[in-house]
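Observations on the three-dimensional arrangement
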Amino acid sequence: MRASVLRYGVRFAALGYLAALLLAPLVLIFKDTFKDGIGPVWDSLSQADTVHAAKLSLYAMLIAVIANGIFGVAIALYLARRRGVIASLLGVFIDLPLALSPVVVGLGLVLVFANTGWFGTWLTTHGFQVMFAFPSIAIATAFVSLPFVARELIPVLREIGDEQQQAAATLGATRLQTFWRITLPAIRPALTYGIVLTAARALGEYGAVAVVSGAIQGQTETLTLIVQRDWNNFDQTGAYATSLLLAAIAVVVLIALNLMKPAHERQEAT
């Protein structure tokens, strides 16, 4: 009896904690967004600045997902199969975005790509505008979301080992054939989850982007910067509406990636 009460008590506490931190804020944002009707919400979201910011956020997210997906698979394959000093150092470096504050990341990118930075002078001389433009937003977004795919894949690759890959090689399969037919099906669930985390982190990035973008209205603002600008300007409807849009995009990404899974994986998840 006591064990049953304890078990249900732990479940109730966990669900209450989740509701307090996640569900309650989302419900309140939804309520306050539509407290004056749908008209003000539509007017806020249909503004040219908000539409442009949504495009920048989605483009930066896509670049981060593609770049970190490819990099994550490659570095995970290396770290899962290798041991030694180099592998250990690489494992430490790919976790830096998790340890560093995004603001510090943004300042570091300024030191590298600004006009007085390491590469900024050369880039400016050759007509490439990186800082306070979309390239800096894409770089910052990709940097802060870099580890997620790799960190999801490494334990899976170590668990499955490389026996099947070696057997395929002895049968004459190329590395590409081995990866496509053996490795990829085995890591697909972890890869999907890593992509979900990367997309979510990229959509919600604020600190690094706020530093490198310059927050130029109508040019280098992302959706998170629009939220901050509207809130500072006491436009609560605009801030709430943009926040709800970010949440809706995240939900759409989750649903789309779930639908991309094979049918048997979706059934196992349910």
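Look up: the structure comes first, before these words.
Now for a quick tour of the structure. These numbers were taken from a predicted model, which means no experiment stands behind them. Along each chain, the written sequence defines residue order, and numbers are assigned to residues from 1. Where totals are concerned, whole chains, interfaces and linings use all residues; where local detail is concerned, this predicted model gives features only for residues with pLDDT of at least 70, and gives and counts side-chain atom pairs only at 80 or more. Note that the side-chain values use all heavy atoms of the structure and ignore hydrogens as well as water.

Section: the overall build of the protein
A run of DSSP states H or I qualifies as a helix once it reaches four residues; a run of E qualifies as a strand once it reaches two. Both are numbered from the N-terminal end. Broken down by element type, the protein carries 15 helices and 0 strands. Considered along the principal axes of its C-alpha atoms, the protein spans approximately 70 × 65 × 35 Å. Looking at the protein as a whole, 36% of its 270 residues qualify as buried. Put simply, 71% of the contacts in the protein that link residues at least 6 apart link residues at least 24 apart. For the accessible areas, the method is Shrake-Rupley and the probe is 1.4 Å, while residue cover comes only from the protein chains on display. Within the structure as shown, the protein displays about 16100 Å² of accessible surface, and the carbon and sulfur contribution to it stands at 69%. Positive and negative charge centroids in the protein, built from 18 and 15 side chains respectively, lie 11 Å apart. Each residue's exposure class comes from its accessible area (1.4 Å probe, protein chains only) as a fraction of the maximum for that residue type: buried when under 20%, exposed when over 50%, partly exposed otherwise. In this analysis, two residues are considered to be in contact whenever any of their non-hydrogen atoms come within 4.5 Å of each other. Counting rule for charge: Lys and Arg are taken as positive, Asp and Glu as negative, and neither His nor the chain ends is counted. Every charge is mapped to an atom, namely NZ of Lys, CZ of Arg, CG of Asp or CD of Glu.

Here's the deal with the nonpolar core
Buried Ala, Val, Leu, Ile, Met, Phe, Trp, Tyr and Cys residues that are joined via side-chain atoms within 4.5 Å together make up what is termed a nonpolar core. If you look at the biggest cluster of nonpolar residues, it comprises 18 residues, and the most contacted ones within it are Met61, Ala199, Leu223, Ile249 and Val253. Broken down by secondary-structure element, the contributors of at least two residues to this core are helix H3 (48–81), helix H11 (175–203), helix H13 (223–232) and helix H14 (236–260). Not counting residues within four places of it along the chain, the set of residues in contact with Ala199 comprises Met61, Val65 and Val253. Ranked by size, the runner-up nonpolar core spans 17 residues in total, among them Ala76, Val149, Leu184 and Ile187.

What to know about the packing of aromatic side chains
Each pair of aromatic rings taken from Phe, Tyr and Trp, with Trp reduced to its six-membered ring, is defined by centres within 6.5 Å and is described as stacked if the planes are under 30 degrees apart, edge-to-face if over 60, and tilted in the remaining cases. In this structure the tally under the stated criterion is 4 aromatic pairs. Measuring from centroid to centroid gives 5.1 Å for Phe30 and Phe34, while their planes differ by 55°, and the two rings are tilted. Phe30 gets classed as partly exposed once you look at its relative accessible area, which sits at 49%. Relative accessible area serves as the criterion here: at 31%, Phe34 is assigned to the partly exposed category. Taking the centre distance of 6.3 Å and the plane angle of 50° together, the rings of Phe113 and Phe119 count as tilted. Here Phe119 falls in the partly exposed class, since its relative accessible area comes to 47%.

Let's talk about a nonpolar patch on the surface
A surface patch of nonpolar side chains, about 730 Å² in accessible area, is lined by Leu15, Tyr17, Leu18, Leu21, Leu22, Leu23 and Leu26. One can find Leu23 in helix H1 (residues 2–33). Given the relative accessible area of 47%, Leu23 is considered partly exposed. Each patch groups residues whose relative accessible area exceeds 30% and which form no salt bridge, using 9 Å between like charges and 5 Å between nonpolar side chains of Val, Leu, Ile, Met, Phe, Trp and Tyr. The rule for a salt bridge is simple: a side-chain nitrogen of Lys or Arg has to be within 4 Å of a carboxyl oxygen of Asp or Glu.

So, the side chain of Asp230
Following the sequence through the fold, Asp230 ends up in helix H13. On the basis of relative accessibility, which here comes to 7%, the residue Asp230 falls in the buried class. For Asp230, the residues in contact, after removing those within four places along its chain, are Asp235, Gly238, Ala239 and Thr242.

A word on the pattern of salt bridges
Throughout the structure, instances matching the rule amount to 6 salt bridges. A salt bridge links Glu221 to Arg229; the nearest nitrogen and oxygen atoms lie 2.8 Å apart. Accessibility assignment for this pair places Glu221 and Arg229 in one class, buried. Where Arg229 meets Asp230, a salt bridge forms, and the shortest distance between an N and an O atom there is 3.7 Å. Judged by relative accessible area, which is 16%, Arg229 ranks as buried. Residues joined by salt bridges that share partners form a network here, namely Asp49, Glu221, Arg229 and Asp230.

Details of the packing of H3 against helix H4 (residues 85–93)
At their nearest, the axes of H3 and H4 sit 9 Å apart, and the two run at 140° to each other. Regarding the angle of H3 to H4, the classification is oblique. In this structure, the crossing between H3 and H4 has a hand that is left-handed. Mapping the contact onto sequence places Ile75, Tyr78 and Leu79 in H3 and Ile86, Ala87, Leu90 and Gly91 in H4. Looking at the contact of H3 with H4 residue by residue, the classes come out as 6 nonpolar, 1 polar and no charged. Between N-to-C directions, angles cover 0 to 180 degrees, with each direction set by a line fitted to C-alpha atoms, over the stretch in contact for helices. We call two directions roughly parallel when the angle between them is under 35 degrees, roughly antiparallel when it is over 145, roughly perpendicular when it lies between 65 and 115, and oblique otherwise. Handedness of a crossing is defined here by the sense of rotation of the near helix relative to the far one, left-handed for an anticlockwise turn of less than a right angle and right-handed for a clockwise turn. The residue classification treats Ala, Val, Leu, Ile, Met, Phe, Trp, Tyr, Cys and Pro as nonpolar and Asp, Glu, Lys and Arg as charged. All others, Gly included, are polar.

A look at the packing of H3 against helix H9 (residues 147–160)
Close contact between H3 and H9 brings their axes to 8 Å; oriented N to C, the two are set at 35°. Read as a crossing pair, H3 and H9 show a hand that is right-handed. Contacts between H3 and H9 involve Asn68, Gly69, Gly72, Val73, Ile75, Ala76, Leu77, Leu79, Ala80 and Arg81 from the former and Val149, Ala150, Leu153, Ile154, Leu157 and Arg158 from the latter. Split into classes, the residues belonging to the contact of H3 with H9 amount to 11 nonpolar, 3 polar and 2 charged.

Regarding the environment of Asp49
Tracing the backbone through its elements, the reader meets Asp49 in helix H3. Separated by 177 residues in the primary sequence, Asp49 and Ile226 have C-alpha atoms spaced 8.3 Å apart. Beyond its immediate sequence surroundings of up to four residues, Asp49 is in contact with Gln217, Gly218, Ile226 and Arg229. Polar contacts here mean pairs of N or O atoms no more than 3.5 Å apart (in protein, one a potential hydrogen donor and the other a potential acceptor; neighbouring residues in sequence count only if both atoms are side-chain atoms). Engagement of the side chain of Asp49 in a polar contact is seen with the side chain of Gln217, the distance being 2.9 Å.

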